[in-house]
Amino acid sequence: MSMFITFEGPEGSGKSTVMQAVAPRLERPLITTREPGGIRISEAIRDLLLSDDYSMDARTEALLFAASRRQHLVEKVQPALDAGQIVLCDRFIDSSLAYQGYARGIGVEEIMSVNQFAIENYMPDLTLYLKVPPEIGLARIMDNQRETNRLDNESLAFHQRVYDGYNDLADTYERIVTIDATRPIDEVIEDAYQVIIKKLG
Ligand SMILES: Nc1ncnc2c1ncn2[C@@H]1O[C@H](COP(=O)(O)OP(=O)(O)O)[C@@H](O)[C@H]1O
Ligand SMILES: [Mg+2]
């Protein structure tokens, strides 16, 4: 049975770690992928978006994310779903709503309409929101000396707005399940696994 599952949350919330840990445990046909990226055009757009070499208008940024999302969806996500696979995707529409809609201040309605043009009716069936306050997420990526990108380098106030935005979205949409990602990683992985298994039925 196909199912479109997305992982959301700020940088350092554990999206990549949890997704990679849960995938093999599901023991079903699935693909894992990420946004922005996952395919050639979208990885090229990702490089533009995350590079420190450019500064860009907030709406340009929102459109590039949506363009990247569109191509990734038609080239990779839709075919996998059509083939009956589970798709686990690191970030999707809620990232745009939180980062561009809330944190950049464009507004959720505006970002939603651009994204509806991009994705038509392909909304996730289930979204795991890994909830951590921005100080904790940012400290994790600094501790692990992972390379930071243009968005990571925004102010703490920006990341606080991303966090508030995600919390609002989680209150609004039934498909979003919130997981307390401040706990030890094994517990977060176990919770995520249980939520997915329950949804798969
Ligand atoms: N619950 C957790 N407790 C402690 N460290 C964590 C936890 N979740 C993730 N980490 C660490 O934080 C860093 C960022 O995790 P990652 O999965 O890359 O987050 P994301 O993909 O959301 O940015 C990694 O070094 C990871 O090991
Ligand atoms: Mg990641």
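Criteria and cut-off values
- Residues numbered from 1 in each chain as written.
- Chains lettered and ligands numbered in written order.
- Predicted model: local features only at pLDDT ≥ 70, side-chain atom pairs only at ≥ 80, totals over all residues.
- Heavy atoms only, no water.
- Core = buried A, V, L, I, M, F, W, Y, C linked by side-chain atoms within 4.5 Å.
- Buried < 20%, exposed > 50% of the residue type's maximum accessible area, 1.4 Å probe, protein only.
- Helix = DSSP H or I, 4+ residues; strand = E, 2+ residues; numbered from the N terminus.
- Contact = heavy atoms within 4.5 Å.
- Near = heavy atom within 4 Å.
- Polar contact = N/O pair within 3.5 Å; in protein donor to acceptor, adjacent residues only side chain to side chain.
- Salt bridge = Lys/Arg side-chain N within 4 Å of Asp/Glu carboxyl O.
- Pairing = 2+ DSSP bridges.
- Phe/Tyr/Trp six-rings, centres within 6.5 Å; stacked < 30°, edge-to-face > 60°.
- Lys NZ or Arg CZ within 6 Å of the ring centre and 35° of its normal.

Colleague: What is the right way to look at the nonpolar core in this model?
Modeller: As a rule of thumb, nonpolar side chains are buried together in soluble globular proteins. Ranked by internal contacts, the top residues of the largest apolar core, which has 34 residues, are Phe 4, Val 87, Val 162 and Tyr 166. At the level of secondary structure, the elements contributing two or more residues to this core comprise helix 2 (40–50), helix 3 (58–82), strand 3 (86–90), helix 4 (93–103), helix 5 (108–119) and helix 7 (156–172). A total of 7 residues in this core trace back to one element, the largest contributor, which is helix 3. Setting aside its immediate chain neighbours within four residues, Val 87 contacts Met 3, Phe 4, Ile 5, Ile 31, Thr 33, Val 77, Ala 80 and Leu 81. Counting 22 residues, the second largest nonpolar core, distinct from the first, contains Val 18, Met 19, Ala 23 and Leu 128.

Colleague: Quick question: what am I supposed to make of the site of ligand 1 here?
Modeller: Taken together, 16 residues form the shell around ligand 1, and within it Gly 12, Lys 15, Ser 16, Thr 17 and Arg 183 come nearest. Arg 140 is positioned such that a nitrogen or oxygen atom in its side chain is 3.4 Å from a nitrogen atom of ligand 1. The biggest single contributor to the shell around ligand 1 is helix 1 (residues 15–26), with 3 residues.

Colleague: Mind showing me how you'd approach the pattern of salt bridges here?
Modeller: Side chains bearing opposite charge may pair, as long as their charged atoms lie close to each other. With the rule as written, the count across this model stands at 12 salt bridges. In this structure, Glu 61 engages Arg 150 in a salt bridge whose closest nitrogen and oxygen atoms are separated by 3.0 Å. Note that Glu 61 is positioned in helix 3 and Arg 150 in the loop between helix 6 (134–143) and helix 7, a separation of 89 residues in sequence. The two residues Glu 61 and Arg 150 agree in class, both being buried. Salt bridges sharing partners connect three or more residues here, namely Glu 61, Arg 104, Arg 150 and Glu 154.

Colleague: What's the story with the pairing of strand 1 (residues 3–8) in this structure? I'm lost.
Modeller: Remember that side chains alternate between the two faces of the sheet whenever the strand is regular. Where burial is concerned, most of strand 1 is hidden: 6 out of the 6 residues are buried. Taking every second residue as pointing to the same face, both faces of strand 1 are buried, with Met 3, Ile 5 and Phe 7 on one and Phe 4, Thr 6 and Glu 8 on the other. Sheet topology places strand 1 next to strand 3; 5 bridges connect them, and they run parallel. Within the sheet, the bridge partner assigned to Phe 7 lies in strand 3 and is Asp 90. Bridge count for strand 1 against strand 4 (residues 126–131) is 4 bridges, and the pairing is parallel. Paired with Phe 7 across the two strands is Leu 128, which belongs to strand 4.

Colleague: Would you mind showing me how to read the packing of aromatic side chains here?
Modeller: Given two aromatic rings, one states the distance between the centres and the angle between the planes to describe the pair. If you walk through the whole model with that rule in mind, you get 4 aromatic pairs. Aromatic side chains Tyr 99 and Tyr 166 sit 6.4 Å apart centroid to centroid with 85° between the ring planes, which places their arrangement in the edge-to-face category. With Tyr 99 in helix 4 and Tyr 166 in helix 7, this pair connects stretches of sequence that are 67 residues apart. The exposure classification of Tyr 99 matches that of Tyr 166, with both residues buried. An aromatic cluster is present here, built from Tyr 99, Tyr 129, Phe 158 and Tyr 166 joined pairwise through their rings. Directly above the aromatic system of Tyr 193 lies the positively charged group of Arg 25, at a separation of 3.9 Å from the ring centroid. A cation over an aromatic ring shows up here: Arg 175 above the ring of Tyr 173, its NZ or CZ 4.9 Å from the ring centre.

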